[in-house]
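Here is what each chain is made of, one letter per residue.
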Amino acid sequence: GAPSRGVIHSNLISINTDFNIPSSNSSIDHDTHQKTHPDDLSHSVKLALLNVRSAEKKSIEIVDNMTDNNLDIVTLTETWMGPAGENKVAEGTLCPPGYDLLLCSRPTGQKGGGVALLARSSFSSKIVTPNFQPKTFELLDASLKINHKSVTLLVIYRPPPNTKNNFTIEEFFMEFSNLMESKVLENHSIVIVGDFSFHVDDTKCPVAKRFLHLLSSFNLVNHVTGPTHAHDHTLDLIITRTSDKII
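Just so we're clear, the structure is a prediction, and the values are computed from it rather than from any experiment.

What counts, and at which threshold
- Residues numbered from 1 in each chain as written.
- Predicted model: local features only at pLDDT ≥ 70, side-chain atom pairs only at ≥ 80, totals over all residues.
- Heavy atoms only, no water.
- Salt bridge = Lys/Arg side-chain N within 4 Å of Asp/Glu carboxyl O.
- Helix = DSSP H or I, 4+ residues; strand = E, 2+ residues; numbered from the N terminus.
- Buried < 20%, exposed > 50% of the residue type's maximum accessible area, 1.4 Å probe, protein only.
- Pairing = 2+ DSSP bridges.
- Contact = heavy atoms within 4.5 Å.
- Axes fitted to C-alpha atoms, helices over the stretch in contact; angles between N-to-C directions.
- Phe/Tyr/Trp six-rings, centres within 6.5 Å; stacked < 30°, edge-to-face > 60°.
- pLDDT = per-residue confidence, 0-100.

## Here we look at the pattern of salt bridges
Within the structure shown, the criterion is met by eight salt bridges. Where Arg 106 meets Glu 138, a salt bridge forms, and the shortest distance between an N and an O atom there is 2.5 Å. Note that Arg 106 is positioned in the loop between strand E6 (99–104) and strand E7 (115–120) and Glu 138 in strand E9 (residues 138–146), a separation of 32 residues in sequence. Residue Asp 244 pairs with Arg 241 through a salt bridge whose shortest N-O separation is 3.4 Å. With respect to class, Asp 244 is no different from Arg 241; both count as buried. Taken together, the shared-partner salt bridges in this structure form one network comprising Asp 141, Lys 183 and Glu 186.

See the structure below:
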C-alpha cells in the first residue's frame, strides 16, 4: 500500500510528565527527531502521531513502530476504520497487549477519515464527550492519567474542503475556536495532535498564517517544524500551551 504520511520519524516527541523540563542539557536524537532530556528520562512519555491511511492494512507496521521505539502513546489520523466494535479482529491486531485503543470513526457508510488513540493501559485513557460535534474536522477528545496527572489529548483530522463535503475555511476557524475556548479553560495540561491540512511551513500561505495566529491567540504553540508530507510540507502538528513545559 501507499506509505504512511506524517510517519514516526517526523512526529515523535517526548512528554515530560513532571512538567518541569530543564532549560539546558537537552539533546536531539537525529534518527527520530525525538527530544530527550537526560535529567528527566524516568518521567518522559513517548508520543507519536501517524497519518496511516488505513490502520487495518498497516496494523503490523504500526505495532512494530510502537515496539521498536518503545512508544507510550500513538495517535492515528485517517484510520479508515468503522465504529468501535465493528471489526474486532482488526482492532485486536492494531492494539497490542498492555494498550487501550480508542476510536472515533465516521458514521457507518461514510468512507475515509477517522482518528484513533493507542495508549498504555496504565494511563486509564477514556473518551470525553465534547460539548459540540464539529462538522469540519474529526475529533477524538481523550482524558489520560499520566503519573497521577490529568492530561487532555485531542486527536484531530481536518479533511480538505471540496465539492463533496462543502466545508469552508471560515466554518473550520469558527468551530476550532469554539473548541479551544472550552479547552484552554481547563486547569490541566492539553496536547493537540493531528493532520490539519494546512502548509504551516509556507510563510506566504495566508490561511496557514491565520491558523498559527489563532493558536498564538490561545497561547498555543506547534512543535513540529520538519516536513510530514511527501511534498515536504508540514501538515501534521503537535500543539501544547506555550506555558506547558511538557515537550
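## Section: the sheet that holds strand E12 (residues 220–222)
An order of E8-E9-E10-E11-E13-E12 is seen for the six strands of this open sheet, with the pairing classed as mixed. Each edge of the sheet is formed by a strand with only one pairing partner; in this case those strands are strand E8 (126–127) and E12. Of the strands in this sheet, E9, strand E10 (149–157), strand E11 (189–195), E12 and strand E13 (236–241) are in contact with helix H3 (residues 169–183), which crosses E10 at around 175°.

## Thoughts on the packing of aromatic side chains
Enumeration according to the criterion identifies eleven aromatic pairs in this entry. Relative to Phe 172, the ring of Phe 137 has its centre 5.7 Å away and its plane inclined at 75°; by these criteria the two rings are edge-to-face. Here the residue Phe 137 occupies a position in the loop between E8 and E9, and Phe 172 occupies one in helix H3, the gap between them amounting to 35 residues. For Phe 172, a relative accessible area of 1% puts it in the buried group. With centroids separated by 6.0 Å and ring planes inclined at 15°, the aromatic side chains of Phe 173 and Phe 198 adopt a geometry described as stacked. One end of the pair, Phe 173, is in helix H3; the other, Phe 198, is in the loop between E11 and helix H4 (206–217), and 25 residues separate them in sequence. In this structure, Phe 173 and Phe 198 share a single accessibility class: buried.

## Details of the confidence of the model for the protein chain
Looking at the protein chain as a whole, the pLDDT averages 82, with 80% of positions reaching at least 70. Mean pLDDT in the protein chain bottoms out at strand E2 (residues 27–29), which sits at 28, and peaks at E7, which reaches 97. Of the regions scoring below 50 in pLDDT, residues 1–10 engages in 34 contacts with residues more than four places distant in sequence or in other chains. Every residue in residues 17–42 is under pLDDT 50, and counting partners more than four places away or in other chains gives 49 contacts.

## Comments concerning the side chain of Arg 158
Tracing the backbone shows Arg 158 in the loop between E10 and H3. When neighbours within four sequence positions are excluded, Arg 158 is seen to be in contact with Thr 136, Phe 137, Ile 169, Phe 172, Asp 195, Phe 196, Ser 197 and Phe 198.

## Details of unusual backbone geometry
Even without being glycine, Glu 78 reaches a positive phi, approximately 50°. Positive phi is not limited to glycine here, since Ser 124 has a value of about 50°. Tracing the backbone through its elements, the reader meets Ser 124 in the loop between E7 and E8. The class of Ser 124 is partly exposed, set by a relative accessible area of 46%.

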